[in-house]
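# A look at the structure
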Amino acid sequence: MKEPVVKLMQGNEACTEAALAAGCSFYAGYPITPSTEIAELMAERLPIYGGRFIQMEDEIASMAAVIGASLTGAKSLTATSGPGFSLKQENIGYASLTEVPVVVVNVQRVGPSTGMATSPAQGDVMQARWGTHGDHPIVVLAPSSVQETYEITIEAFNIAEELRVPVILLLDEVIGHMREKIVIPDKDSLKITNRKKTDARPEDFLPYKADEDGVPPMADFGTGYRTHVTGLFHDETGFPTGDPKKADALLRRLHEKLDKAKDRITLVEEIETEDADIVLFAYGSSARPALSALRQARELGIKVGLIKPITIWPFPEEVVDRVAKKAKTIIVPEMNLGQLIREVERASRGQADVIGLNRVDGELFKPEEILEKIKEVR
Amino acid sequence: MATEELLDEHFRVETMPHIWCPGCGHGIVLGALMRALEKSGFERDKTVIVSGIGCSSRATGYLDYDTLHTTHGRALAFATGVKLANPELNVVVITGDGDASAIGGNHFIHAARRNIDITTIIFNNSIYGMTGGQYSPETPEASWATTSPYGHIERTFDLAELAKAAGASYVARGTTYHVNPLSNYMLKALKKKGFSVVEAISGCPTYFGRKNKMPTGTLMLQWQKDSAVPRTKADKLSAEEMKGKFVIGELQDIDLPEYTEEYGKVIKKAQERRR
Ligand SMILES: Cc1ncc(C[n+]2csc(CCOP(=O)(O)OP(=O)(O)O)c2C)c(N)n1
């Protein structure tokens, strides 16, 4: 194995490099701050490896193009921010129902609307979960450093490929633009997952018949299987059905395949929660000042812990439940007016006080203001 | 090949019966496409057919190919991903007039502008069929639709002219009445490198016809026969004389750089610079 490479890198750049390392060979996007560097870097880097980049006419088209590309077997990425993320929603739902692996990056900025294009926010946490219509399954990951962005981008591709789901990677303006030291692991040391391909004979192939794990093996377009892919509810053959039983079975399976993989795909870091009276629950760039506040509080002798979810959907409710049993208070700093806190409240089931700390001014939390809150609730 | 054999060859006969109403022209358009596909020599396992949403877009479900039934208006955007990711594949798009010109109008313009090697067949039945007869950008002026209960006041969008202006390599318009030339245009479109469009004027007796004194398939065909003017003849007619009529024939056939081939050059350049 070769030595890992140490570099100074921007989050958006780390995302691009990791996508390439994960085997991404197709990118379609539409420029929008603060995600544009991903498109620019992909335009430059993809063709070097024989991959393909296209700047589409809008985000709706970009989302459509990555789904089309993925159906030919190409690992595909698109990146955007707030307004563009809204435009992608209908086709994200399409990918969810048709089980097409794609990774969608949303580098969050302040909204609603055009908002503040160059300032970070965490206002799209619920949209990432529920942005498209219908009772769909989705996976949402939120790294909190450049290093994590690299690792979690690879994870995003792995989950998308393994489970045939769209995976949303939620960055924010700070994570996307910040430059940090990053250790790029040697290619050979990376765990890369590729989608399960069918080995059935074309005449026997049922494109939506799932294995034990709930995931149907795929057949790429152009390989002789002549599959039908539709956003209408369909049965195992892939053709539309209006049969209530089959419709019910389809939607339940889509959720169950995530449930079955939940332990593996729900990534959560716990820092000093063991003996903590006060636990911070923070994700993305809010986890950074939260960790500093934890250190400062510990120095003052206050027992503070941190739950740092990287997977925010599916929500790590077991961890919150367990921690809430011991902790007195859970503080949830978010750069929104209280979105994921509702899940924390639900999962902690009244066992601990849950208190929000919120900023929507496009500024990061300072460790001091989180420490203040810790002192206040002590 | 006899029609029966062609059906067996190109259709998923087990998905029949289709959803189209009696007298609907979409089956005629699809039949013309089937004959063109047969003659094209396209390998069926290397051909992907993509559609949007609408009565016409349901056609993909019936065809024994790799088929992709997408979201309303977005077929060309999905198809662009398919074609660019694997340029070896033949890509055909089936779309309705509303699908192509209203919600999908921008994708249509940009697919033509890129001149990406996709063949687009527009099933133009002058109306939104699937949703029950609301006007589309193709609805003829002064006709009736459920959303123009006082008469339609918008001008009709000429999609063939739009495709020409946006830079499509091949553009033709035919009708379900003139079905043999229609199929021939489709064959030429399939074989043409670059973005090609065939607009097929189709009949919707149920929703368009009924509100416009043409409530049967035959009356819709009669209207097509009476309103279609071959290009050579239309060139000599004044705007006044062309009122209420439309041009049929081959409207553009030019050679321009094709998008995925151009991107192939980008890959070469990127790799050379790297070396
Ligand atoms: C985003 C979205 N908006 C609206 C619809 C409803 N809708 C379905 S088909 C259709 C129009 C279809 O008309 P056209 O494209 O002309 O095809 P036709 O049914 O006449 O063949 C509409 C408006 C939809 N499915 N999706």
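Residues numbered from 1 in each chain as written. Chains lettered and ligands numbered in written order. Predicted model: local features only at pLDDT ≥ 70, side-chain atom pairs only at ≥ 80, totals over all residues. Heavy atoms only, no water.

### Some words on the sheet that holds strand 15 (residues 353-358) of chain A
Residues and elements named next belong to chain A. Put simply, the test is: In this description, strands pair whenever DSSP reports at least two bridges between them. A run of DSSP states H or I qualifies as a helix once it reaches four residues; a run of E qualifies as a strand once it reaches two. Both are numbered from the N-terminal end. The angle between two axes is taken between their N-to-C directions and runs from 0 to 180 degrees, where each axis is a line fitted to C-alpha atoms and a helix contributes only its stretch in contact.
An order of 10-12-11-14-15 is seen for the 5 strands of this open sheet, with the pairing classed as mixed. The sheet terminates laterally at strand 10 (268-271) and strand 15, the two strands that pair on one side only. Mean inter-strand twist for the sheet, computed between neighbouring axes without regard to direction, equals 20 degrees. Of the pairings in the sheet, the one linking strand 11 (residues 278-281) to strand 14 (residues 329-334) comprises 3 bridges and is parallel in character. Bridge pairing in strand 14 links Leu280 to Ile331.

### Comments concerning the nonpolar core
Applied cut-off: Put simply, a nonpolar core is a bunch of buried Ala, Val, Leu, Ile, Met, Phe, Trp, Tyr and Cys residues held in one set by side-chain atoms that sit within 4.5 Å of each other. Think of it in three bands: with a 1.4 Å probe and only protein chains considered, a residue is buried below 20% of the maximum accessible area for its type, exposed above 50%, and partly exposed in between. Throughout, a residue-residue contact means that at least one pair of heavy atoms, one from each residue, lies within 4.5 Å.
If you look at the biggest cluster of nonpolar residues, it comprises 132 residues, and the most contacted ones within it are Phe26(A), Leu77(A), Phe281(A), Ile330(A) and Phe195(B). The element that contributes the greatest number of residues to this core is helix 6 (residues 146-163) of chain A, accounting for 9 residues. Excluding residues within four positions of it along the chain, Ile330(A) makes contact with Val279(A), Phe281(A), Val320(A), Ala324(A), Val344(A), Ser348(A), Ala352(A), Asp353(A), Val354(A) and Ile355(A). Val29(B), Met34(B), Met186(B) and Ala189(B) belong to the second-largest nonpolar core, a separate cluster that totals 31 residues.

### Details of the interface of chain B and chain A
How we decide: Summed over both partners, the accessible surface that disappears when two parts come together, traced with a 1.4 Å probe, is what is meant by buried area. Any carboxyl oxygen of Asp or Glu that lies within 4 Å of a side-chain nitrogen of Lys or Arg is treated as forming a salt bridge with it. N or O atoms closer than or at 3.5 Å make up a polar contact, with two conditions inside protein: a donor-capable atom paired with an acceptor-capable one, and, for residues adjacent in sequence, both atoms drawn from side chains. Gly counts as polar in this scheme, as do all residues outside two lists: the nonpolar Ala, Val, Leu, Ile, Met, Phe, Trp, Tyr, Cys and Pro, and the charged Asp, Glu, Lys and Arg.
The partner chain A presents 42 residues to the 40 residues of chain B that form the contact. Roughly 3,300 Å² of surface becomes buried between chain B and chain A when both sides are summed, with 58% attributable to carbon and sulfur atoms. The interface formed by chain B and chain A holds 3 salt bridges in total. Here Arg114(B) ties to Glu57(A) by a salt bridge, and the two come within 2.7 Å at their closest N and O atoms. Along the contact surface separating chain B from chain A lie 20 residue pairs in polar contact (both at pLDDT 80 or more). At the level of elements, helix 3 (59-62), strand 2 (66-69), helix 4 (75-85), helix 6 (105-114) and helix 12 (259-274) of chain B are the ones that each hand at least two residues to the side of chain B that touches chain A. Looking at the side of chain B that touches chain A residue by residue, the classes come out as 15 nonpolar, 15 polar and 10 charged.

### Topic: the site of the ligand
Stated precisely, the cut-off is as follows: What makes a residue near a molecule or strand is one non-hydrogen atom of that residue sitting within 4 Å of it.
Near the ligand lie 18 residues; those nearest to it are Cys55(B), Ser56(B), Gly98(B), Asp99(B) and Gly129(B). In this structure the ligand sits where residues from chains A and B come together. Residue Asp99(B) places a main-chain N or O atom 2.7 Å away from an oxygen atom belonging to the ligand. One of the backbone nitrogen or oxygen atoms of Gly129(B) is found 2.8 Å away from an oxygen atom of the ligand.

### Remarks on the confidence of the model for chain B
All names here are of chain B. The condition that has to hold: What pLDDT expresses is the predictor's confidence in each residue, scored from 0 to 100.
Mean pLDDT over chain B stands at 97; residues scoring 70 or higher make up 100%. Ranking the elements of chain B by mean pLDDT puts helix 1 (residues 3-10) last, at 93, and helix 4 first, at 99. What the predictor reports for the complex is a pTM of 0.98 with an ipTM of 0.98.

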